[in-house]
Amino acid sequence: MLLLLALLGGCAPVPSGSGPEEEAVDRLLDVQLGELAPLVTPEERQAARDLLAELLPVRRQRLEREEYEKSTTEARLIRELNALYDAYTVTYLNPDNEDFGYENPPWKTVARYDILEDGTLTPTRPQAARAPEEPELFALWEQIQDWLPEDAFDRFEQLTFFTDGEYETLAYAAPLDGKGESWEFGVDPVDSQDGAFFLETVLHEYFHSVTLNEEQVTYTNRQTVDTYNEPGMVALSGSYLDDFYQEFWTDYLDDCLASEDTYNFFLRHEEDFVTPYASTDPSEDICESLTYFVLWPEQEGDGVWERKLRFFEAYPELVGFRRTVRENLGLEE
């Protein structure tokens, strides 16, 4: 249960004032406004505050009942508050009303292989025709293995080479079962020529298997209110993902998820994220942050994105992973 919500009582909007409940509303409002906080007019701020003060007691009561699904009233208030934030963002930060404009072009499978215990590949269906560029594909797989620790791909049972055109989906990682015990890795060879970007993407996608495996999450439709949830998945208490969510995302997750395109949300909180894509949701943010925790020198600043990179220093196994990858890549501190 969020401490903030535990402080809030009643269902009526909370008026401006100096009491602890009013201070809690104002603190959360400043967090959600982000870059907008010093830009909006007093009237604009009050309009957002009124909605937030109405929303929080409704949310608190749901959480006290340990109900994951939002009521119609709560969902409506979230949408209205998000629409207000977005309107302010267009006015002050995004006058051209730009968005991410993500596209998902169709892609085709080039070749698919089973990954053997020693890391070598064998066609998933031996009778299937081999890809004519198989030596190049095998060399690309060896390069990826050389970047990561020796046992990094122990959970992976399948490797798929696919293509959807240049600079679209570069790679992906996905569980092959309903528990997250076995995984598939996908790579688009067309994009492998952009060395730095390809490396970053490989690491990002690999980290999905680190943060979403059976030791970190449970794949279930029985959602909870105590830890981070996505549809069909519940993060375990003490997992990388839930710890990360509790530290960095509890104040504005609902606002992020209320948008079909999160570009305005990103603009409101640009200093919180290591890349724009990280603002998509906590699962993407933790993988982006882990990627640059590995690739960049140690960070000492007080910004949110810098604190996110230092967050992983609390986990010796991730520090060891970083050390090995940096040695493999010849990177210095």
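Rules behind the numbers
Each chain carries its own residue numbering, running from 1 in the direction its sequence is written. Only residues with pLDDT of 70 or above have their local features reported here, since the model is predicted, and side-chain atom pairs are shown and tallied only from 80 upward, although totals for entire chains, interfaces and linings are computed over all residues. Note that water and hydrogens are dropped before the side-chain values are worked out from all heavy atoms of the structure. Lining residues are those with an atom within 4 Å of a point, where the points come from a 1 Å grid over the protein atoms alone and group into cavities, where a 1.4 Å probe fits but cannot get out, or pockets, open sets with protein on both sides within 12 Å along at least five of seven lines. Grid points are joined across faces, edges and corners, and a volume is the space filled by probe spheres set on the points. Per the convention used, a helix needs a DSSP run of H or I reaching at least four residues, while a strand needs a run of E reaching at least two, with both numbered from the N terminus. Amino acid classes used here: Ala, Val, Leu, Ile, Met, Phe, Trp, Tyr, Cys and Pro are nonpolar; Asp, Glu, Lys and Arg are charged; the rest, including Gly, are polar. Side-chain rings of Phe, Tyr and Trp, where Trp is taken by its six-membered ring, are said to pair if the distance between their centres is within 6.5 Å; with planes under 30 degrees apart they count as stacked, over 60 as edge-to-face, and otherwise as tilted. For every residue, the accessible area (1.4 Å probe, protein chains only) is compared with the maximum for its type, and the residue is labelled buried under 20%, exposed over 50%, or partly exposed between those bounds.

**Section: the layout of surface pockets**
There is about 810 Å³ of room inside the largest pocket. Around the largest pocket, the lining is made up of 36 residues, and of these Y68, K70, L253, D254 and L257 lie nearest the centre. For the lining of the largest pocket, the element with the highest residue contribution is helix α4 (residues 72-92), accounting for five residues. Here the residues of the lining of the largest pocket sort into 16 nonpolar, eight polar and 12 charged. Here the second largest pocket is characterised by a volume of approximately 630 Å³. Around the second largest pocket, the lining is made up of 18 residues, and of these Y102, E168, T169, F197 and Y277 lie nearest the centre. The biggest single contributor to the lining of the second largest pocket is helix α6 (residues 195-211), with five residues. Looking at side-chain class alone, the lining of the second largest pocket contains eight nonpolar, five polar and five charged residues.

**A short note on the packing of aromatic side chains**
What the rule picks out here adds up to 36 aromatic pairs. Ring geometry for F153 and F156: centres 5.2 Å apart, planes at 65 degrees, overall edge-to-face. Of the residues examined, F156 reaches a relative accessible area of 2% and is grouped as buried. Through pairs of rings, three or more aromatic residues link up here, namely W141, F153, F156, W183, F185, Y206, F207 and F321.

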